Amino acid sequence: MQASLIERQESGAWAILASLRLAINPQDVLDRFGGPVPLLQQSAEALKGQLPWTSAQVERLAAAQPLEDMLFSLERLERQGITLIPYPHPDYPPLLKQISCPPAALWCRGHAGVLRRSHVAIVGARQASPYGLRVASSLARGLAEAGVGVVSGGAYGIDAAAHEGALGARGASIAVFGTGISRDYPASHRPLFVRLAEHGACISEFGPDASPRPEHFPIRNRLISGLSLGVVVVEAGDKSGALITARFALEQNREVFAVPGEIFSDTSIGSNRLIQSGARLVSSVSDILEELRGRLEVIASPRDGSLPALSLPLPADLPAEATTVLACLDRAPRSLEAVILESSQGPAKVLEVLMELELAGLVSQLPCLLYTSPSPRD
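Residues numbered from 1 in each chain as written. Predicted model: local features only at pLDDT ≥ 70, side-chain atom pairs only at ≥ 80, totals over all residues. Heavy atoms only, no water.

Q: When you look at unusual backbone geometry in this model, what are you seeing that I'm missing?
A: Negative phi is the rule for most residues except glycine; trans is the rule for most peptide bonds. A cis amide bond, omega 0°, links Tyr185 with the succeeding residue Pro186. One non-glycine residue, Glu235, adopts positive backbone phi at about 60°. In this structure, Glu235 sits in the loop between β7 (230-234) and α11 (241-251). We note that Asn253 has phi near 60°; this positive angle belongs to a residue other than glycine. When its relative accessible area of 28% is taken as the criterion, Asn253 is described as partly exposed. (Helix = DSSP H or I, 4+ residues; strand = E, 2+ residues; numbered from the N terminus. Buried < 20%, exposed > 50% of the residue type's maximum accessible area, 1.4 Å probe, protein only.)

The following block contains the structure:
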């Protein structure tokens, strides 16, 4: 009985850390404090200097909701079929532990065990063409028939087609939410999410009731790639969220694949450019399976070697919004949240600009979505 209580307290403490969304690697919590409960018992004064946090972040941690309240919330969620998968749990995805700053915990609707399987992500345009939808569904079906799980974001267009293709082959598929796990977004996909929970899983790193906010979805994209051995981009525009997922995949040493599209289509600009920059061209599911052969079941060990760098060129004249974002950075690491506030630009725009600046070598991304840039004097 005592052991069960201790386990529940540990889970509740991991849930609190996840909901606070602080820039800390869960492994550091284990290594430095022995677990999340001792960390939450620290005062703000005692925490200063122990971890790379700002004073405001330390105060947020010290003012976190009581553990008893979180335990009550977890019990309520469990009655709704929602479970918590804390970082040390056996069902926590092994590949996800290899990315920088993995979530302290995941909320899950469905079968948590599928998270341990080998997966490939399929992402792309929301306003997809009939060709793109057919390709996404066909690739997902082929992967499912080969025993490979399919990961996507549950959105309109390519995401939904990928989920449907996997389900149609009676395979497992995972939807990664950019909202809390209690929210179905978009609402019209509620029947799809129900089926995914029955045959796979829906997961989120955000608090259970978190609303859909623009900055959540690029953050969500790093989980889509982090869960997967590779990312397949099917139809992506020049400023597509799918390109952000591809960029995360490269940083996480995942394979990047792209499906060629019409040269006259705006929704093919990004995917065609990925191929030009070195992504593996996909014309059938065998292209994916052949590239990943030997690694589909070996997911607990990091990949050896590195991927060739993909690059998307920055426009010749630095846009005004890029200059504004760049002015917010110097050698000292700045959080994504701080850059958004200081630049007075929308989260989606800031993330898009940061990606372009990083690809141009003007900005460096550190673990936990921290950014730096050399000073103008360098």
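Read on, since the account is not over.
Q: Which parts of the structure should I look at to understand the nonpolar core?
A: Soluble globular proteins tend to bury their nonpolar side chains together. Ranked by internal contacts, the top residues of the largest apolar core, which has 74 residues, are Leu61, Trp107, Val176, Ile203 and Val233. Leave out the neighbours within four places in its chain, and Ile203 touches Leu106, Trp107, Cys108, Leu115, Ile174, Ala175, Val176, Phe177, Ile181 and Leu227. (Core = buried A, V, L, I, M, F, W, Y, C linked by side-chain atoms within 4.5 Å. Contact = heavy atoms within 4.5 Å.)

Q: How should the packing of aromatic side chains be read in this particular structure?
A: Geometrically, a pair of aromatic rings is defined through the distance of the ring centres and the angle of the planes. Going through the model one piece at a time under the given rule, you end up with 4 aromatic pairs. Arranged with centres 6.1 Å apart and planes meeting at 40°, the rings of Trp14 and Tyr87 form a pair that is tilted. One end of the pair, Trp14, is in helix α1 (residues 2-20); the other, Tyr87, is in the loop between β1 (82-86) and β2 (105-110), and 73 residues separate them in sequence. Comparing Trp14 with Tyr87, the two get one shared label, buried. Measuring from centroid to centroid gives 5.3 Å for Tyr87 and Tyr92, while their planes differ by 65°, and the two rings are edge-to-face. For Tyr92, a relative accessible area of 2% translates into the label buried. Positioned above the aromatic ring of Tyr87, the side-chain terminus of Lys97 is 4.7 Å from the ring centre. (Phe/Tyr/Trp six-rings, centres within 6.5 Å; stacked < 30°, edge-to-face > 60°. Lys NZ or Arg CZ within 6 Å of the ring centre and 35° of its normal.)

Q: Can you help me understand the environment of Pro90 in this one?
A: Structurally, the position occupied by Pro90 is in the loop between β1 and β2. Remark: the alpha-carbon pair of Pro90 and Gly113, spanning 23 residues in sequence, is separated by 8.7 Å.

Q: Is there a simple way to explain the pairing of strand β4 (residues 149-152) in this structure?
A: It is a general feature of regular strands that their side chains alternate between the two faces of the sheet. Residues Gly149 and Val151 line one face of β4 and the alternating positions Val150 and Ser152 line the opposite face, and both faces are buried. Bridging between strand β3 (residues 119-124) and β4 involves 3 bridges; their strand directions are parallel. Counterpart to His119 in the pairing with β4 is Gly149. Running through helix α7 (residues 130-145), the crossover from β3 to the neighbouring parallel element β4 is right-handed. Across 3 bridges, the pairing between β4 and strand β5 (residues 173-176) is parallel. Paired with Val150 across the strands is Ser173, a residue of β5. Of the crossover connections in this fold, the one passing from β4 over helix α8 (residues 158-168) to the parallel β5 is right-handed. (Pairing = 2+ DSSP bridges. Right-handed = clockwise from strand over helix to strand, strands pointing away.)

Q: What exactly am I supposed to notice about the confidence of the model for the chain here?
A: For residues with low pLDDT, the predicted coordinates do not support detailed interpretation. Looking at the chain, the pLDDT average stands at 85 and 90% of residues meet or exceed 70. When mean pLDDT is compared element by element in the chain, β5 scores highest at 97, while strand β11 (residues 364-366) scores lowest at 71. Every residue in residues 298-316 is under pLDDT 50, and counting partners more than four places away or in other chains gives 42 contacts. (pLDDT = per-residue confidence, 0-100.)

Q: Please explain the environment of Asp266 as it appears in this structure.
A: Take Asp266: it is sitting in the loop between β8 (255-259) and α12 (269-276). In the structure, Asp266 is positioned 29 residues away from Gly237 in sequence and 5.7 Å away in space, judged by C-alpha atoms. Non-local contacts of Asp266, meaning those with residues more than four positions away in its chain, are made with Ala236, Gly237 and Asp238.

Q: I would appreciate a short explanation of the sheet that holds β1 in the present structure.
A: Where strands meet in a sheet, backbone hydrogen bonds hold them as pairs that are either parallel or antiparallel. In space, the 9 strands of this open sheet follow the order β1-β2-β6-β5-β4-β3-β7-β8-β9, with mixed pairing throughout. Strands at the two margins of the open sheet, each flanked by one partner only, are β1 and β9 (280-281). Contacts from helix α10 (residues 216-226) reach β2, β3, β4, β5 and β7, with the element oriented near 160° to β5. Most of the contacts of α12 go to β8, to which it runs at about 125°, and overall it touches β7, β8 and β9. (Axes fitted to C-alpha atoms, helices over the stretch in contact; angles between N-to-C directions.)

Q: Looking at this structure, I do not really get the packing of α10 against α11. What am I missing?
A: When two helices pack together, you describe them by how their axes are tilted relative to each other and by the distance separating the axes. Following both chains from N to C, one finds α10 and α11 inclined at 50°, their axes separated by 8 Å at the closest point. It follows from the interaxial angle that α10 and α11 lie oblique. Crossing geometry of α10 relative to α11 is assigned as right-handed. Between α10, through Pro218, Asn221, Arg222, Ile224 and Ser225, and α11, the contact on the second element is made entirely by Gly241, Ile244, Thr245, Phe248 and Ala249. Across the contact of α10 with α11, the residue classes tally to 5 nonpolar, 4 polar and 1 charged. (Parallel < 35°, antiparallel > 145°, perpendicular 65-115°, else oblique. Left-handed = near helix turned anticlockwise from the far one by under 90°. Nonpolar A, V, L, I, M, F, W, Y, C, P; charged D, E, K, R; others polar.)

Q: What should I look at first to understand the pattern of salt bridges in this one?
A: Oppositely charged side chains may form a pair once their charged atoms are brought near each other. Inspection of every chain in the model, using the stated rule, returns 15 salt bridges. A salt bridge links Asp91 to Arg116, with the nearest nitrogen and oxygen atoms 2.0 Å apart. Taken together, the positions of Asp91 in the loop between β1 and β2 and Arg116 in the loop between β2 and β3 put the pair 25 residues apart, joining distant regions of the chain. Overall, the relative accessible area of 14% leaves Asp91 in the buried class. Residue classification places Arg116 among the partly exposed residues on the basis of a relative accessible area of 41%. Across the salt bridge formed by Arg247 and Glu251, the nearest N and O atoms sit 3.5 Å from each other. Taken together, the positions of Arg247 and Glu251, both in helix α11 and 4 residues apart, correspond to about one turn of that helix. For Arg247, a relative accessible area of 18% translates into the label buried. Of the residues examined, Glu251 reaches a relative accessible area of 35% and is grouped as partly exposed. The network of salt bridges with shared partners includes Arg8, Glu75 and Glu78. (Salt bridge = Lys/Arg side-chain N within 4 Å of Asp/Glu carboxyl O.)

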